[in-house]
Every structure is written in structure tokens, then in C-alpha cells.
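Analysis of the macromolecular model
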Amino acid sequence: MRASYTAAVVSVLLENGLYFKDVYGVSAGASHTVNYISQDAERARKSFVDFLKDKRVAGIGPLMLAQGYFNARYIYEECGLPNGTIPFDFQKFMANPAQMHIESFNRSACGKVGATAYWTKLDTPTLPDLMRRVRASSSLPLVMPPVRIGNDFYVDGGLGDSWGICLSEARRDGYERFFIVRTQMRGYRKQPDSRPWLTNLLFGRHKNLAKRQLERWQHYNALCDEVERLERTGRAYVFYPEKMPINSMTIDINRLAASYNAGLAQAKSELALWRGFLGV
């Protein structure tokens with residue numbers, strides 16, 4: 001839900017006609033990616049603010065029904081349908097020449113080469129195909145159930161080889177300059193898990209996945225170091241929240257609205273800097 005703050009970045013980019021040819025997203029960033037490519041600023045906001053008025057989305061109710069703290073099936077696979085709560089314009093998404101790259105992590109293949117799944121528009125010929133993969137990219141282990149695609153089960157893309165920011169994939173596509181949107185404040189670094197025994201216990205028989213979770217902080221922090229280096233050398237513009245008033249599990253609608261509004265004020269204040277970096 002920290003993405004309520006950065007949803008405002010999506011809105012300001014779209015409202016000012018700032019478009020990218022290739023868009024990369026992981027976890028909540030996958031939702032931002034598809035909303036941006038479908039050029040729907042209103043849906044970008046609703047997805048992380050207004051949507052939480054619906055008690056079916058998150059909280060004790062879905063948890064008691066074994067749907068997860070966030071009811072991912074409802075959020076991603078039902079609400080974006082043409083008659084859903086926040087319909088997704090799939091035709092506009094596909095018609096936009098901008099390309100998508102989102103990632104998830106294949107729990108079934110954990111510990112093996114190829115466990116990170118990479119999906120583009122070619123993998124999503126229908127709206128259900130797309131939204132199931134956005135859901136897979138966003139499904140936090142233990143908070144949401146894993147997503148089955150074919151014979152495999154997928155969890156949040158932050159556990160994949162990008163470790164939360166698709167920098168290496170953008171480089172493979174030939175890019176040397178990057179516009180990066182973060183949901184953590186400048187200088188944030190993850191700490192080692194202080195209770196690895198509990199993580200191993202909670203992940204149960206998925207020991208390789210627990211190992212991935214326990215090792216993530218090292219890879220993530222190295223990635224943050226690289227992003228800061230790129231920023232210092234002028235090869236990246238990084239949007240960092242000036243403050244982060246909520247956490248990942250916040251579902252209070254007033255706090256989410258305040259988070260979006262704070263992000264909106266910051267995004268508008270940085271717009272001239274964005275244009276300078278992008279040369280437009």
C-alpha cells in the first residue's frame with residue numbers, strides 16, 4: 001500500500017504527456033505499470049486509495065475466509081473486468097506501443113535456474129492473462145495465497161532476480177539512463193532477519209523460498225547502492241518519497257488518501273526536474 005504515494009507519480013506523468021517506450025514493474029509496481037500503459041490516471045489512484053472502501057478488498061473479512069489479508073483474486077482478477085469495480089481498458093493497453101515487463105517468482109522452481117518469471121505483452125493476449133500475472137507479481141508470501149499459472153505457483157516478484165527494481169532487465173534491453181520510482185525513502189536499507197528460525201517455520205516445507213527471503217536484504221541493499229551511484233553520475237532520476245506516512249499493510253482509506261495527496265504534491269513539485277532529466 002506504499003504504492004498509494006507513488007500512484008501520484010503515474011498520474012502526473014500521464015497528465016503531462018510524459019510517456020516511456022518501455023515500462024518495468026515488480027510487485028505493486030506491476031499495477032502501476034499496466035495502469036500507466038493503459039493511460040488511466042484515475043485508475044492508478046483508485047487502485048491504491050478509493051478501492052479500499054470496498055470491504056471485500058482487504059482486512060479481517062477476507063482473512064477469515066482464507067482469501068488472504070489482501071483478497072488478491074478479487075482485486076486483480078475480478079475488479080478489472082468490464083463490469084468490475086475498477087474496469088481496466090485492455091484495448092487501450094494493447095494499442096499503446098509502449099512495452100511492458102513485469103516479474104514474478106516461481107515458488108515451484110525455487111532454487112533452480114529460471115525461477116524468476118518475466119512477462120511481456122506477448123504473454124498476455126487476454127485481460128485474464130494479464131491480470132493473473134499482475135496478481136502473481138504482487139502476491140506477498142504469507143499475506144496472499146500463491147498464484148497458479150499452468151502447473152507452477154508464483155509469489156511476489158520482489159523475491160526474483162531483480163530484487164524489486166528491474167534495473168538489470170532494462171540494461172539488457174539496451175538502456176543506459178533510467179527513471180526510477182521508489183516507495184522507500186532515500187537511504188533506506190533492509191536489515192538482516194533477526195528471527196530466521198521464525199521465517200523458516202512460517203515458510204514450512206518451502207525451505208528454498210525461505211532461504212531466498214532470508215538472503216534478500218543483501219541483494220536488495222546492493223541494488224540500492226547501484227541506484228544511488230547511477231543517480232550521482234546523472235544516469236538515473238530517482239523519485240524517493242520525502243516521507244512515507246503508511247506501511248505495506250495500511251488499509252485505512254483516510255490515511256491512503258493523505259498518502260496519495262502527499263505524493264501528488266511532491267510529484268508536481270518535481271515535474272520540472274523530470275522534464276529536465278528527460279529532455280522534454
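Summary of the structure given here. (Residues numbered from 1 in each chain as written. Predicted model: local features only at pLDDT ≥ 70, side-chain atom pairs only at ≥ 80, totals over all residues. Heavy atoms only, no water.)

Looking at the environment of Val-10
For the record, the criterion: Only runs of H or I of at least four residues qualify as helices and only runs of E of at least two qualify as strands under DSSP, and these elements are numbered from the N terminus. With a 1.4 Å probe rolled over the protein chains alone, any residue whose accessible area is under 20% of its type maximum counts as buried; one over 50% counts as exposed, and the rest are partly exposed. Contacts are assigned to residue pairs with any non-hydrogen atoms lying within 4.5 Å of each other.
Topologically, Val-10 is positioned in helix α1 (residues 3-15). What makes Val-10 buried here is its relative accessible area of 6%. Note: C-alpha distance between Val-10 and Leu-63 (53 residues apart in sequence) is 30 Å. Beyond its immediate chain neighbours, meaning those up to four positions away, Val-10 contacts His-32, Tyr-36 and Ala-44.

Here's the deal with the side chain of Arg-212
In this fold, Arg-212 is placed in helix α10 (residues 207-232). With a relative accessible area of 18%, Arg-212 lands in the buried category. When residues no more than four places from it in sequence are discounted, the contact partners of Arg-212 are Phe-105, Thr-116, Leu-159, Gly-160, Asp-161 and Trp-163.

Structural notes on the nonpolar core
Definition in use: Buried Ala, Val, Leu, Ile, Met, Phe, Trp, Tyr and Cys residues that are joined via side-chain atoms within 4.5 Å together make up what is termed a nonpolar core.
Membership of the largest hydrophobic core comes to 63 residues, with the highest contact counts inside it found for Phe-51, Phe-70, Phe-88, Phe-93, Leu-130 and Trp-274. When residues of this core are assigned to their parent elements, the largest contribution, nine residues, is made by α1. Excluding residues within four positions of it along the chain, Phe-51 makes contact with Lys-46, Val-57, Tyr-74, Ile-75, Cys-79, Thr-85 and Ile-86. By size, the runner-up hydrophobic cluster in this structure holds 12 residues, among which are Trp-163, Ile-165, Phe-178 and Leu-223.

Describing the packing of aromatic side chains
Spelled out, the test is: Geometry of aromatic contacts follows a simple scheme: Phe, Tyr and Trp rings, the Trp one being its six-membered ring, pair when their centres are within 6.5 Å, and the pair is stacked under 30 degrees between planes, edge-to-face over 60, tilted otherwise. Cation placement over rings: the criterion is NZ of Lys or CZ of Arg within 6 Å of the ring centroid and within 35° of the ring normal.
Applying the stated criterion to the full structure yields 13 aromatic pairs. Between Tyr-5 and Phe-239, the aromatic rings sit 6.4 Å apart at their centres with planes inclined by 45 degrees, giving tilted as the arrangement. Note that Tyr-5 is positioned in helix α1 and Phe-239 in strand β7 (residues 236-239), a separation of 234 residues in sequence. Three or more aromatic residues link up through ring pairs in this structure, and these residues are Tyr-5, Phe-20, Tyr-36, Phe-179, Tyr-237, Phe-239, Trp-274 and Phe-277. Its end group placed over the ring of Phe-93, Lys-121 keeps NZ or CZ at 5.1 Å from the ring centre. Above the face of the Tyr-220 ring, Lys-190 is positioned so that its terminal group lies 4.8 Å from the ring centre.

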